[in-house]
Amino acid sequence: MRATRAIIDLGNYRHNLRVIKERLQQADRPRGRPVPGMCVAVKADAYGHGATALARVALEEGAEHLGVATVDEAVRLREAGITAPILLYSLPLPEEVEEVCRTGISPFVADEEYCDRIAAAAERVGTTARIHLKIDTGMGRIGCRPDEAVSLAGRISSNPNLELAGIATHFPIADAADRSFTEHQIDVFGRTVKDIREAGVTEGIVHAANSGAVIAYPAAYFDMVRPGIATYGYYPSHDQERILDLRPVMQFESRIVFIKTVEPGTSVSYGRTYRASRRTVIGTVPAGYADGFNRLLSNQAEVLVFEGEGASVRRAAVAGRVCMDQFMIDLGPESRARKYDKVVLFGPDPRGPSGEEIADLTGTIPYEVTCAVGARVPRVYRDE
Ligand SMILES: *Cc1c(COP(=O)(O)O)cnc(C)c1O
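The structure reproduced in this document is the subject of the present report. Since the structure is predicted, the reported quantities are computational estimates derived from the model, not experimental observations.

**Notes on the packing of aromatic side chains**
Working step 1: Overall, the coordinates contain seven aromatic pairs when judged by the stated rule.
Working step 2: Taken together, a centroid distance of 5.2 Å and an interplanar angle of 90° make the contact between Phe189 and Phe222 edge-to-face. Residue Phe189 is located in helix α8 (residues 180-198), and its partner Phe222 is located in the loop between α9 (211-216) and β9 (224-225); the two are separated by 33 residues in the primary sequence. Per residue, the accessibility class of Phe189 equals that of Phe222, and both read buried.
Working step 3: Each member of the aromatic cluster is reached from another via a ring pair, and the members are Tyr13, Tyr47, Tyr232 and Tyr367.
Working step 4: Above the face of the Tyr217 ring, Arg179 is positioned so that its terminal group lies 4.1 Å from the ring centre.
Working step 5: The ring of Phe306 has Lys342 sitting right over it, with the charged end atom 4.8 Å from the ring centre.

**Section: the packing of helix α6 (residues 112-125) against helix α7 (residues 149-157)**
Helices that pack against each other are described as a pair by the angle of their axes relative to one another and the distance between those axes.
Working step 1: Here α6 crosses α7 at 10°, and the two axes come no closer than 11 Å. Between α6 and α7, the angle is such that the two are roughly parallel. Contact residues: Glu112, Cys115 and Asp116 in α6; Ser151, Leu152, Arg155 and Ile156 in α7.
Working step 2: Residues belonging to the contact of α6 with α7 are distributed by class as follows: three nonpolar, one polar and three charged.

**Section: the packing of α7 against α8**
Working step 1: Relative orientation of the contacting elements α7 and α8 amounts to 45°, with a least axis distance of 9 Å. In this view, α7 runs oblique relative to α8, as classed from their interaxial angle. Here α7 and α8 pass one another in a crossing that is right-handed. Facing Ala149, Val150 and Ala153 of α7, the residues of α8 in contact are Thr192, Asp195 and Ile196.
Working step 2: Residue classes in the contact of α7 with α8 are distributed as four nonpolar, one polar and one charged.

**Points about the environment of Pro36**
Working step 1: Structurally, the position occupied by Pro36 is in the loop between α1 (10-26) and β2 (37-41).
Working step 2: A relative accessible area of 11% means that Pro36 is categorised as buried.
Working step 3: Each C-alpha atom of the pair Pro36 and Asp147 lies 26 Å from the other, and the pair is 111 residues apart in sequence.

**A closer look at the nonpolar core**
Working step 1: Val42, Leu133, Phe327 and Ile329 are the most contacted members of the largest nonpolar core, which has 113 residues in total.
Working step 2: If we skip the residues at most four places from it in the chain, Leu133 touches Val109, Cys144, Ala149, Leu152, Ala153, Ile156, Leu164, Gly166, Ile167, Ala168 and Ile196.
Working step 3: Formed by seven residues, the second largest nonpolar core is a distinct cluster that contains Ala276, Ile282, Ala319 and Met328.

**Comments concerning the pattern of salt bridges**
Working step 1: Tallied over the full model, the rule gives 29 salt bridges.
Working step 2: A salt bridge links Glu60 to Arg14, with the shortest nitrogen-to-oxygen separation between them at 2.9 Å. Pair noted here: Glu60 is in helix α3 (residues 51-60) and Arg14 is in helix α1, with a separation of 46 residues, a long-range link.
Working step 3: What makes Glu60 exposed here is its relative accessible area of 56%.
Working step 4: Of the charged contacts, one joins Arg155 and Glu112 as a salt bridge, the two residues approaching to 3.6 Å between their closest N and O atoms. Of this pair, Arg155 sits in helix α7 while Glu112 sits in helix α6, placing them 43 residues apart in sequence.
Working step 5: You can call Glu112 partly exposed: its relative accessible area is 38%.
Working step 6: Three or more residues are tied together by salt bridges with common partners; here these are Arg14, Arg18, Glu60, Glu61 and Asp383.

Rules used throughout
Residues numbered from 1 in each chain as written. Predicted model: local features only at pLDDT ≥ 70, side-chain atom pairs only at ≥ 80, totals over all residues. Heavy atoms only, no water. Phe/Tyr/Trp six-rings, centres within 6.5 Å; stacked < 30°, edge-to-face > 60°. Helix = DSSP H or I, 4+ residues; strand = E, 2+ residues; numbered from the N terminus. Buried < 20%, exposed > 50% of the residue type's maximum accessible area, 1.4 Å probe, protein only. Lys NZ or Arg CZ within 6 Å of the ring centre and 35° of its normal. Axes fitted to C-alpha atoms, helices over the stretch in contact; angles between N-to-C directions. Parallel < 35°, antiparallel > 145°, perpendicular 65-115°, else oblique. Contact = heavy atoms within 4.5 Å. Nonpolar A, V, L, I, M, F, W, Y, C, P; charged D, E, K, R; others polar. Left-handed = near helix turned anticlockwise from the far one by under 90°. Core = buried A, V, L, I, M, F, W, Y, C linked by side-chain atoms within 4.5 Å. Salt bridge = Lys/Arg side-chain N within 4 Å of Asp/Glu carboxyl O.

Structure follows, in structure tokens:
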């Protein structure tokens, strides 16, 4: 196996799921209401961690639903033998709708045309489609207006080929310091659900909370929560209180495959943007932007180096531009590093960069950092 790999610590994943579950158990809830369930996001290949492996662990840890973005993602889970309910978070094209029905995926529905299209496909396939009504309370992405929800819910529940399995909304700033917008959304959503119930329609599973809301808004838990990034060990933003003990699941690592001493003034990599200011040792790491180590990290990021036999551990800076498949690091004049020593690009080790540090350096969020780890990087699973 190649040097560059993503170690997926399933122990940390289990830990995060348990921490989230404890939070759900501890939250106040109306008398007699059961602890909210979990729909765990495994879309985008489980944010780059590997959807099938993580879906299995999530179900073992008590999640009942899985969240995906595309029909293909759901089909792959079914082919792996996963029979749990799957929610489809994005909208498919008309030509994919029969597959949605055949696979038994629960789609979000927000308009009549699509609702009727699913009903027709379900009839052709000979099944009942379990659909979730999506209400837009402020995300501005997918959803009907709150004042359309009662009529749509009625349309769904009165169609013999459809079952209203749930009602959902989504939050754009549940991870922000300002609480007023999200609180208003929770209020509008709660009232809309009540209107639907009062119209005599059984509403199914009511759900809203992404990771940001799991952390900050127990009032948004309803019957089920939909965390993603928190299960992978990251907070959605810097603006949230770090109240949960989350542990990053992925360690992106490689090995030094070439090492040399260079004289002052020597340039390294494309564009000659790095010049040695002193005699120093340069190591070459066989990972690049095609593996998900962003080119914006050129001359910016540090890696954690495990130097030599006794493995003294320290940081070293990226020297020069990140190439497609390789980058260089400045190990310093006194380096005891040797060929084939391990380097960690990001991961849970507090001495090295986290996915969050990499995100900050590249002007993005941890979500994109783990999603970007390329398909050619093998995932290696460790379980406790
Ligand atoms: C991706 C997604 C989530 C999970 O979001 P996180 O911020 O990763 O917790 C929840 N709901 C929907 C509809 C999503 O698309």
